[in-house]
Amino acid sequence: MKILHTSDWHIGKRLINRERLDEQAEVLDEIVAVCDNEGVELVLIAGDVFDTYTPSAEAEKLFYQKIKRLAGDNRAVVLISGNHDDGVRLSAAAPLSEAQGIYIVGNERRSLSCEDTPRLVHPIESGKGHATFVNGKGERVFLSFLPYPNEARFKEEKSELPYVEQMQKWIAEGESGNVEKLPSVFVGHLFVAGGAVSESEREIDLGGARAIPVDALPSSDYIALGHLHKKQHMGKGHCYYSGSPLQYAFDESADKGVKVFDLTADGVQNLRDVPLTKGRKLIRLQADDVQSALALLQKHPDELVEMKLFLTAPLLASDSQALSANKNLVSLLAEVHTEESLAIESRKGLSGEKLFELFYQTNYGVEPKEELKTLFLQTLAELDEK
């Protein structure tokens, strides 16, 4: 069966205050085109479809338009909720979406509908956290799912198990459904220890408290991960973060894509990255004066720019106006070095963790201890989920 792996669409996400729905629409159309050109039968979306628990009406409209196109007439689409998604809200559309070949798995990891359908690719068996899909040739693949394990889910379980052991318990529940030992894919929205994080992501590992080791993952033929925006390979087997389809931070590479492969009785075959080219590129530039900065901005009209200026005097109002007139300038960071070596730098765009460190250092003159920083990040994560 031909499978495509993608994740972290973050529909509705802005770059500082810049709307990017048009870019997201273009890149999702590009993923549809990849499916058509490659003959993809099953699409896996490993979480973070939206950027917030309560996406705008425009973001939801875009999602429903594109997910229907992605399913087409005979493809199946399976998506799980991520830490940015409200799993309950997302899966509420399941009774309608499943008739369109779109299967949504929220935090409860409910069974998928296996009712008769004229669609070529569909589930024929399902239980809590797993399903078996078949295509028009009778080829079957087993899927197990682990949506993002948020705080509410832990409270509902009333489990005293450590984080990693609870993850392994949920994974084992899903994997137990593969009684026939079919070719298998595990789909999870998790932070795997050692993964490379970008500036667009919240502090998801919480000082390591929510990271799981790669050897805690199942021995599936392919592991389709979501959570990290940089595409990367984890461990030794076919374990991958597909990465986000667009650059969402200036430290992310413009090398974006989706994973496409055949899952056969002999395992993963013909695995490759298919590049995505839509959306504006994000670049970082720096200059020693305003005129040089303006020249650089004019040289890169199609990219979105973070500009760092090294100055010997504060910006004049006229200089600020000249710079802001360039629509491709997204962020301006200015360092002013006087004879007293005073440095001033904008804190816009810094992560919550970095802002907390700066606040603590300013007030107490030392860096915060790791356990204090972890407590702060856990509280921040809980607030994000409300």
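Sequence order as written defines the numbering, with residues in each chain counted from 1. With pLDDT at 70 or above as the cut-off, local features in this predicted model cover only qualifying residues; side-chain atom pairs require 80 or more to be listed or tallied, and sums for whole chains, interfaces and linings still use all residues. Hydrogens and water molecules were not included; the side-chain quantities draw on all heavy atoms of the structure.

1. A look at the packing of aromatic side chains
Any pair of aromatic rings gets described here by the distance separating the centres and the angle formed by the planes. Put simply, two rings from Phe, Tyr or Trp (the six-membered ring, in Trp's case) pair if the centres are within 6.5 Å, and we call them stacked under 30 degrees between planes, edge-to-face over 60, tilted for the rest. Scanning the model with the defined rule gives five aromatic pairs in all. A ring pair is formed by Tyr 103 and Phe 133, whose centres lie 5.5 Å apart and whose planes are at 80°; its orientation type is edge-to-face. With a gap of 30 residues between them, Tyr 103 in strand β4 (residues 102-105) and Phe 133 in strand β6 (residues 130-134) connect regions that are remote in the sequence. Like Tyr 103, the residue Phe 133 is buried in the burial classification. Chaining the aromatic ring pairs together yields one cluster made of Phe 50, Phe 63 and Tyr 64. A run of DSSP states H or I qualifies as a helix once it reaches four residues; a run of E qualifies as a strand once it reaches two. Both are numbered from the N-terminal end. Throughout, exposure labels follow a simple rule: accessible area from a 1.4 Å probe, protein chains only, divided by the maximum for the residue type, with under 20% read as buried, over 50% as exposed, and the rest as partly exposed.

2. Focus: the sheet that holds strand β16 (residues 282-287)
Read from one edge of the open sheet, three strands run β16-β17-β18, paired in parallel fashion. A single partner strand is all that each edge strand has here, and the edge strands are β16 and β18 (329-336). Within the sheet, the average angular offset between the axes of one strand and its neighbour, ignoring direction, is 15°. Being paired, for any two strands, means DSSP has found at least two bridges between them. As judged from the seven bridges shared by strand β17 (residues 304-311) and β18, these two strands associate in the parallel manner. Note on geometry: axes are lines fitted to C-alpha atoms, helical ones only across the stretch in contact, with angles between N-to-C directions running from 0 to 180 degrees.

3. A closer look at the side chain of Arg 75
Within the secondary structure layout, Arg 75 lies in the loop between α2 (57-71) and β3 (76-80). Identification of polar contacts relies on pairs of N or O atoms within 3.5 Å, with a donor-acceptor requirement for protein atoms, meaning one able to donate a hydrogen and the other able to accept it, and with residues adjacent in sequence counted only if both atoms are side-chain atoms. For Arg 75, the side chain forms a polar contact with the main-chain oxygen of Leu 70, separated by 2.7 Å. Residues within four places of Arg 75 in sequence aside, it is in contact with Val 32, Cys 35, Asp 36, Val 40, Glu 41, Val 43, Arg 69, Leu 70, Gly 101 and Arg 119. Any two residues having at least one pair of non-hydrogen atoms within 4.5 Å are treated as being in contact.

4. Overview of unusual backbone geometry
Of note in the backbone geometry, His 227 takes a positive phi value of approximately 140° without being a glycine. For His 227, the location among the structural elements is in the loop between β11 (222-226) and β12 (232-233). Look at His 227 and you get buried, because its relative accessible area is 3%.

5. Examining the packing of helix α7 (residues 290-299) against helix α8 (residues 317-324)
Between α7 and α8, the least distance of the axes is 10 Å, while the angle of their chain directions is 10°. Comparing their axes, α8 and α7 come out roughly parallel. Along its contact with α7, which presents Val 290, Ala 293, Leu 294 and Leu 297, the element α8 presents Asp 319, Ala 322 and Leu 323. Classification used: nonpolar for Ala, Val, Leu, Ile, Met, Phe, Trp, Tyr, Cys and Pro, charged for Asp, Glu, Lys and Arg, polar for all others including Gly. Tallied by class, residues from the contact of α7 with α8 come to six nonpolar, no polar and one charged. For classification purposes, an angle smaller than 35 degrees is called roughly parallel, one larger than 145 roughly antiparallel, one from 65 to 115 roughly perpendicular, and anything else oblique.

6. Comments concerning the pairing of strand β7 (residues 140-146)
Among the seven residues that make up β7, six are buried, leaving the element largely enclosed by the rest of the structure. Bridge analysis of β6 against β7 gives five bridges, and the strand direction is antiparallel. Directly across from Phe 133, in β7, lies its bridge partner Val 141. Counting the residues that bridge the hairpin from β6 to β7 gives five residues, and of these Gly 138 lies at a positive phi of roughly 85°. Sheet topology places β7 next to strand β8 (residues 184-189); five bridges connect them, and they run parallel. Its bridge partner being in β8, Phe 142 is matched across the sheet by Ser 184.

7. Observations concerning the side chain of His 189
Following the sequence through the fold, His 189 ends up in strand β8. On the basis of relative accessible area, His 189 is assigned to the buried category, the value being 0%.

8. Focus on α7
The set of residues buried in α7 consists of Val 290, Ala 293, Leu 294 and Leu 297. Seen from one end, α7 has its buried residues packed into an arc of 100°, which puts them on one side. Turned more than 90 degrees from where α7 packs its buried face, Gln 291 and Lys 299 sit exposed. Considering only its buried residues, α7 is in contact with β16, β17, α8 and β18. Arc, as used here, means the arc of the directions from the helix axis to the C-beta atoms.

9. Some remarks on α2
Multiplying 1.5 Å by the residue count of a helix minus one yields the expected span of that helix. Under the 1.5 Å per step criterion, the end-to-end length of α2 is 21 Å for 15 residues, consistent within 8% with the ideal 21 Å. Those residues of α2 that fall on the buried side of the exposure criterion are Ala 59, Glu 60, Leu 62, Phe 63, Lys 66, Ile 67, Leu 70 and Ala 71. Along the axis of α2, the buried positions cluster into a sector of 160°, meaning they face one direction only. Seen from the buried face of α2, the exposed residues on the opposite side, beyond 90 degrees, are Ala 57, Glu 58, Lys 61 and Lys 68. Looking one or two places after α2, you find Gly 72, whose phi comes out positive at around 60°.

10. Considering the sheet that holds β6
The sheet built from seven strands is open, its strands ordered β5-β6-β7-β8-β11-β13-β12 with mixed pairing. Either end of the sheet is taken by a strand with one partner, and the two such strands are β5 (122-127) and β12. In the sheet, β12 pairs with strand β13 (residues 239-241) via two bridges, with the strands oriented antiparallel. Its bridge partner being in β13, His 233 is matched across the sheet by Tyr 240. Contacts from helix α6 (residues 163-175) reach β6, β7 and β8 within the one sheet, and its direction differs from that of β7 by about 155°.

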